[in-house]
Every structure is written in C-alpha cells, then in structure tokens.
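# Descriptive structure summary
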Amino acid sequence: QVQLVESGGGLVQAGGSLRLSCATSGRTFSYTGWFRQAPGQEREFVATITWSGGSAFYGDSVKGRFTISRDNAKNTVYLQLNSLKPEDTAVYYCAASRSRTYLPRGVDYWGRGTQVTVSS
C-alpha cells in the first residue's frame, strides 16, 4: 500500500523558515515533490525531485527561496522553505509520480497535506 505522509507545517512569521517532510512507503517513485493549494485557488506546483536526487525542479514563485531534497535511506523527501511570505500560506501536499509533471492531473499519489500559515 502506497502512503505519503507529510509533517512539519505550522505558523511562522514572514521572513521565517520551515522544513516539511514527506515520508513515503509502499514503492519507489521516479519523482516526488510538492504542490500547494490556498483557499479558493487551484493546486499549484511547488517543486519535485528525481529518485536519485540528481535533478530538482521548482515553480517560478518559489525559486531561490525553497529547496527540495531527499534521503532515500529514510524514504523521506524534504522541502526547506526560507524567506516565507504571506502568499506562501497554503496546504502543502506531497505528490509522487512516474514521470515529471507540473500539473495535478499528472500525479499518481497524494499525501493528505500539511498546513503552512505565514503571518505578516
């Protein structure tokens, strides 16, 4: 059974940092990453990383501020969120897929999400 379990969300002030974790089980995926969804908005691509960790891809709104990484020994993917802004407030979802995708419909498995709230 495939499971993606997120953790690490919370409330932080603008300019602060958080680290999200996604623990995976059940199988390996070519790409594991993150999407986010704010109230009333569509789910948005944030970042993804290959199974080897050799390549990472980011959405334009987070480039230079967020960093994705992974530890395959722990079956965990991380998202380091720095220089957070109020507009980063959203539910962050872990996403796993067989191919690289920037669209929600291309994702094969989803986690349940973790809330990130950035206060101004």
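This section reports on the structure supplied with the text. (Residues numbered from 1 in each chain as written. Predicted model: local features only at pLDDT ≥ 70, side-chain atom pairs only at ≥ 80, totals over all residues. Heavy atoms only, no water.)

## Focus on the state of the cysteines
Stated precisely, the cut-off is as follows: For the purposes of this analysis, a disulfide is any pair of cysteine sulfur atoms at a distance within 2.5 Å. Numbering of helices and strands runs from the N terminus, with a helix taken as a DSSP run of H or I at least four residues long and a strand as a DSSP run of E at least two residues long. Only protein chains enter the area calculation, which uses a 1.4 Å probe; residues under 20% of their type maximum are buried, those over 50% are exposed, and those in between are partly exposed.
Per the counting criterion, the structure on display carries 1 disulfide. Between the sulfur of Cys22 and that of Cys94 lies a disulfide, 2.0 Å long from S to S. Negative torsions about the S-S bond denote left-handed disulfides, and the value of about -80 degrees found for Cys22 with Cys94 makes this one left-handed. Residue Cys22 is located in strand S3 (residues 18-25), and its partner Cys94 is located in strand S9 (residues 90-97); the two are separated by 72 residues in the primary sequence. Of the two residues examined, Cys22 and Cys94, each falls in the buried class.

## Describing the sheet that holds strand S7 (residues 66-71)
We count it as follows: One bridge is not enough; two strands pair if DSSP finds at least two bridges between them. Lines fitted to C-alpha atoms define the axes here, with helix axes fitted over just the stretch in contact, and angles between the N-to-C directions of these axes take values from 0 to 180 degrees.
Strands sit in the order S1-S3-S8-S7 across an open sheet of 4 strands; the sheet is antiparallel. Each having just a single partner strand, strand S1 (3-7) and S7 make up the two edges of the open sheet. If you compare each strand with its neighbour and ignore which way they point, the axes differ by 15 degrees on average. Relative to strand S8 (residues 76-81), S3 is paired through 6 bridges, and the arrangement is antiparallel. Along S8, the bridge assignment pairs Ala23 with Thr76.

## Comments concerning the pattern of salt bridges
Short version of the rule: One speaks of a salt bridge when a side-chain nitrogen belonging to Lys or Arg is within 4 Å of a carboxyl oxygen belonging to Asp or Glu.
This structure, assessed with the given rule, holds 5 salt bridges. Residue Asp88 is joined to Arg36 by a salt bridge in which the shortest nitrogen-to-oxygen separation is 2.9 Å. In this pair, Asp88 is assigned in the loop between S8 and S9 and Arg36 in strand S4 (residues 31-37), connecting sequence segments 52 residues apart. Between Asp88 and Arg65 there is a salt bridge, with the nearest N and O atoms lying 2.7 Å from each other. With Asp88 in the loop between S8 and S9 and Arg65 in the loop between strand S6 (56-58) and S7, this residue pair connects regions lying 23 residues apart in the sequence. Looking at Asp88, the relative accessible area reads 0%, which means it is buried. Because the salt bridges share partners, they merge into one network encompassing Arg36, Glu44, Arg65 and Asp88.

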